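This is what each chain is made of:
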There are 2 protein chains.
Amino acid sequence: MTSRDGYQWTPKTGLVQGVPSIGVISPCSNIKDSNRTWDVIVVGAGYCGLTAARDAAIAGLNVLLIEARDRIGGRSWSSNIDGYPFEMGGTWVHWGQPHVWREISRYQMRNELESSFDFSRGVNHFQLRTGEEEESRIMSHAEEDALLISGLEKLVNVDGEMGRKIMPYAHDTFHNPDARKYDTMSVRDRINEIAATLAPHERATLEAFVLLCSCGTLETTSFLEFLHWWALCGYTYRGCLDLLITHKFKGGQSSFAIKFFQEALGTGRLSYAFNSPIKSVVDEDGKVTLTTRDGRSFGGRRLICTVPLNVLNTISFHPALDEKRIAAMNTGHVNQCV
Amino acid sequence: MTSRDGYQWTPKTGLVQGVPSIGVISPCSNIKDSNRTWDVIVVGAGYCGLTAARDAAIAGLNVLLIEARDRIGGRSWSSNIDGYPFEMGGTWVHWGQPHVWREISRYQMRNELESSFDFSRGVNHFQLRTGEEEESRIMSHAEEDALLISGLEKLVNVDGEMGRKIMPYAHDTFHNPDARKYDTMSVRDRINEIAATLAPHERATLEAFVLLCSCGTLETTSFLEFLHWWALCGYTYRGCLDLLITHKFKGGQSSFAIKFFQEALGTGRLSYAFNSPIKSVVDEDGKVTLTTRDGRSFGGRRLICTVPLNVLNTISFHPALDEKRIAAMNTGHVNQCV
């Protein structure tokens, strides 16, 4: 099946919208009776919505899954062109990501991973361009690693223990209440603090790494959140490489997401409608009514909304969402990736 | 409640069998009709059996959980005497243990952990006694760590990459087929191989660490399994400390295990019987019949047996278990802990 998301280009066809993906669901709906009341309506078929829909269906609830796109997976999905899996969004997984790994184990996909690092073809060096010199600096990956380890350790070493003392539990950010003081600090603030200790190339490489991770700017990237990443990665640079950018699915992210959908469908309790962007959610008299932009209405006893922050403000909620959530959706994601 | 497992001693009472534990289930059975046929019978109320019973009950199946002891948790359980949590078996958890951590997240217990390491009271040094010298060697923890890092890295460095090349996927042991050659190698074999590179104290400390981990002997400890541990711990000594012996539940393991039991019970589909060691399992004509040592019989459509290897040979199975399983249960666990 071809998703209308994404683009492909060949000399023959030129630029064409849409790429093949096993994440496209066909037919795009299996709803037989749209007047029924579902136990749960789940909005969004990314991993969050897929997990919610699956778990609810397994627990015996009748579920309606509504998705604006023609496919599952949200920002994490893949195409496959001529046998090569192209990742269009989220790519990497690791057993140090416990909630993801549990699902990989569930679907017996632990041996369906491969490494991203194959320098046998293509560029096999690290090139640093600071714009301050005419010539860029070319270095080996070992030199690159050494530079990054040095820079990153200076960045995170707020406690003499590489962040272990300030954030001893990676999943309990404020276990040490002293961590709160970094909640309002940007990476720019922190780099300014340690600027005197950073050599020019070290600083440039460090900043590039942070920007690559956050897809924001140094001013909009939270230093606390960076410490959080660092803690989740075992407080080492090698851990960051391992957890963040090493292991991917041979068959792409969509080969993983489809398992959630298939399991939910297998319960016989999943109704779904793709190509269905929603307009409003009204929670009244113990019943939730969802209306799509094209005017269809669906009723549920509960609703789980997994719509990303950046499109949440296209939906009308009654009663209104709380003030903090409205403020967040008006700000949108810091992440600048397109 | 007091479990008949374990012992406590006070000057007043002397040695008394049994300790208090929230893992003791009272009443010891909730079976109303023992003549019914359950969808699943689960034998054993350790974490494995608890998880199976819970997931089956959530999925809508009627479950019978049968356990020989008076409590849940199997080898991982805890007492609490005068407010101090005593661990009687399994103790430590970490977010790098994905399947365990997923359950910790499920029960919102991520902030109910504390660190084992508190050297502010009691012994604060490492003492090495090799028996070869009259005086034992006392060293700081930093010296101990340096010695262990050096020794362990020599042990696992079979590939010039600290085991990363031979076992690149910690949960897919034989991803690199070359790992098979270590499947028949004991830690003793491997230490003999590298003996010339090990200083006497280094070797003694390394051997002590391996023995502590395996609770076996160097001859009965699999080198492949040690590499597996090492890979699971992120291929570093610090990772081993973090994942194996640092973080424990403030309320003890039983505060965790009880959540599984309570969730299963909450479905209304869990029947259970404690104090019920079993005698036989007969799988005939599409029905499984389980008989307890005291002569009660229970029928099920399926049976999940989580009985540990060391007591599996006390149960009669018809049809018989396969030959390899029989060979394994006759060997028993290498682990020598009592």
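Keep in mind the model is a prediction, meaning the values are calculated, not measured. (Residues numbered from 1 in each chain as written. Chains lettered and ligands numbered in written order. Predicted model: local features only at pLDDT ≥ 70, side-chain atom pairs only at ≥ 80, totals over all residues. Heavy atoms only, no water.)

The next thing to look at is the overall build of chain A. Regarding its fold elements, chain A presents 10 helices and 15 strands. With the C-alpha coordinates aligned to their principal axes, the bounding extent of chain A is approximately 65 × 55 × 35 Å. The buried share among the 338 residues of chain A stands at 44%. If you take every contact in chain A between residues at least 6 apart in sequence, the share linking residues at least 24 apart comes to 63%. When the accessible surface of chain A is split by element, carbon and sulfur atoms take 52% of a total near 17,200 Å². Considering chain A, the positive charge centre built from 35 side chains and the negative charge centre built from 39 side chains are found 7 Å apart. (Helix = DSSP H or I, 4+ residues; strand = E, 2+ residues; numbered from the N terminus. Buried < 20%, exposed > 50% of the residue type's maximum accessible area, 1.4 Å probe, protein only. Contact = heavy atoms within 4.5 Å. Areas by Shrake-Rupley, 256 points an atom, 1.4 Å probe, with all protein chains shown as cover. Lys, Arg positive; Asp, Glu negative; His and termini not counted. Charge placed at Lys NZ, Arg CZ, Asp CG, Glu CD.)

What follows deals with the domain arrangement of chain A. Much of the literature gives interface size as the accessible area that the parts lose upon coming together. All names here are of chain A. Splitting chain A by domain gives domain 1 (2-112 + 251-307) and domain 2 (130-248). The centre of domain 1, based on its C-alpha atoms, is set 34 Å off from the matching centre of domain 2. The interface is formed by 11 residues belonging to domain 1 together with eight residues belonging to domain 2. The junction of domain 1 with domain 2 conceals about 800 Å² of combined surface from both sides, 59% of it contributed by carbon and sulfur atoms. When the buried surface of domain 1 facing domain 2 is broken down by residue, W92, V93 and H94 rank first, second and third, together holding 55% of it. Run the count over domain 1 and domain 2 and you get zero salt bridges. Put simply, domain 1 and domain 2 have three residue pairs in polar contact (both at pLDDT 80 or more) between them. Of the residues in the side of domain 1 that touches domain 2, the class split is five nonpolar, five polar and one charged. (Domains from an automatic or database assignment. Buried area = accessible area lost by both parts, 1.4 Å probe. Salt bridge = Lys/Arg side-chain N within 4 Å of Asp/Glu carboxyl O. Polar contact = N/O pair within 3.5 Å; in protein donor to acceptor, adjacent residues only side chain to side chain. Nonpolar A, V, L, I, M, F, W, Y, C, P; charged D, E, K, R; others polar.)

We now examine helix α8 (residues 253-266) of chain B. Between its terminal C-alpha atoms α8 of chain B stretches 20 Å, which fits the 20 Å expected from 14 residues at 1.5 Å a residue. Q253, S254, S255, F256, A257, I258, F260, F261 and A264 of chain B are the residues of α8 of chain B that are buried. (Expected span 1.5 Å × (residues − 1).)

What follows concerns the sheet that holds strand β8 (residues 92-93) of chain B. Residues and elements named next belong to chain B. With antiparallel pairing, the three strands of this open sheet are ordered in space as β8-β12-β9. Two strands lie at the open edges of the sheet, namely β8 and β9 (113-115), each paired on one side alone. Examined bridge by bridge, β9 and strand β12 (residues 247-249) share three bridges and lie antiparallel to one another. When the sheet's bridge partners are listed, S115 is paired in β12 with H247. (Pairing = 2+ DSSP bridges.)

Right, let's talk about the side chain of T306 of chain B for a bit. Residues and elements named next belong to chain B. Locating T306 in the fold gives a position in the loop between β17 (303-305) and α9 (309-312). Taking the relative accessible area as the measure of exposure, T306 reaches 19% and is therefore buried. A polar contact of 2.7 Å, which involves the side chain of T306, links it to the backbone oxygen of V43. From its side chain, T306 meets the backbone oxygen of G44 in a polar contact 3.5 Å long.

This brings us to the interface of chain A and chain B. Counting from both sides, the interface comprises 26 residues of chain A and, opposite them, 26 residues of chain B. Of the roughly 2,400 Å² buried where chain A meets chain B, counting both sides, 53% is carbon and sulfur surface. The largest contributions to the chain A side of the interface with chain B come from W95, R102 and Y169 of chain A, which together make up 29% of the buried area. Across the contact surface, chain A and chain B share two salt bridges. Between D242 of chain A and R164 of chain B there is a salt bridge, with the nearest N and O atoms lying 2.8 Å from each other. Between the two partners, chain A and chain B, sit 12 residue pairs in polar contact (both at pLDDT 80 or more). Looking at the side of chain A that touches chain B, the elements with two or more residues in it are α2 (98-106), β7 (113-115) and α7 (237-245) of chain A. The leading source of residues in the side of chain A that touches chain B is α2 of chain A, at five residues. For the side of chain A that touches chain B, the per-class residue count stands at 11 nonpolar, eight polar and seven charged.

In the case of a regular strand, side chains alternate between the two sheet surfaces. Residue and element names in this part refer to chain B. Judged from the four bridges that link them, strand β6 (residues 78-81) and strand β7 (residues 84-87) form a sheet pairing that is antiparallel. Paired with S79 across the two strands is F86, which belongs to β7. Linkage of β6 to β7, two consecutive antiparallel strands, is achieved through a turn of two residues, within which D82 is found at a positive phi near 55°.

A word on the relation of the copies chain A and chain B. What connects the two chain copies is a rotation about an axis and a shift along it. Take chain A, turn it by 180°, move it 0.0 Å along the axis, and it overlays chain B with an RMSD of 0.0 Å. Put plainly, the chains are arranged around a two-fold axis. Residues of chain A ranked by C-alpha distance from the rotation axis are headed by P98 of chain A, positioned 1.9 Å from it. A shared interface surface links the copies, since 100% of the contact residues of chain A are contact residues in chain B too. (Least-squares fit on C-alpha atoms with pLDDT ≥ 70 in both.)

All names here are of chain A. On the surface, W92, F117, F119 and I245 cluster together into a nonpolar patch covering about 340 Å² of accessible area. Residue position: I245 is located in helix α7. We classify I245 as partly exposed; its relative accessible area is 31%. (Patch = residues over 30% accessible without salt bridge, like charges linked within 9 Å, V, L, I, M, F, W, Y side chains within 5 Å.)

We now examine the sheet that holds strand β4 (residues 63-66) of chain A. All names here are of chain A. Here seven strands make up an open sheet; going across it, the order is β11-β4-β3-β14-β13-β12-β15 and the pairing mixed. Either end of the sheet is taken by a strand with one partner, and the two such strands are β11 (270-273) and β15 (316-318). With strand direction ignored, the average angle separating the axes of adjacent strands in the sheet is 35°. Inspection of the sheet shows strand β3 (residues 37-43) paired to strand β14 (residues 297-305) by six bridges, in the parallel sense. The residue of β14 that forms the bridge with V43 is C305. Along the sheet, helix α1 (residues 47-58) makes contact with β3, β4, β11 and β14, crossing β4 at roughly 165°. Sheet strands touched by helix α8 (residues 253-266): β4 and β11. Its angle to β11, the strand with the most contacts, is close to 125°. (Axes fitted to C-alpha atoms, helices over the stretch in contact; angles between N-to-C directions.)

Right, let's talk about the packing of helix α3 (residues 141-156) of chain B against helix α6 (residues 223-232) of chain B for a bit. Residues and elements named next belong to chain B. Remark: α3 packs on α6, axes separated minimally by 11 Å, with the N-to-C direction vectors making an angle of 120°. By the angle between their directions, the pair α3 and α6 is classed as oblique. At the point where α3 passes α6, the crossing takes the left-handed sense. Here α3 contributes L152, L155 and V156 to the contact with α6, which in turn contributes F223, F226, L227 and W230. Classifying every residue of the contact of α3 with α6 by side-chain character gives seven nonpolar, no polar and no charged. (Parallel < 35°, antiparallel > 145°, perpendicular 65-115°, else oblique. Left-handed = near helix turned anticlockwise from the far one by under 90°.)

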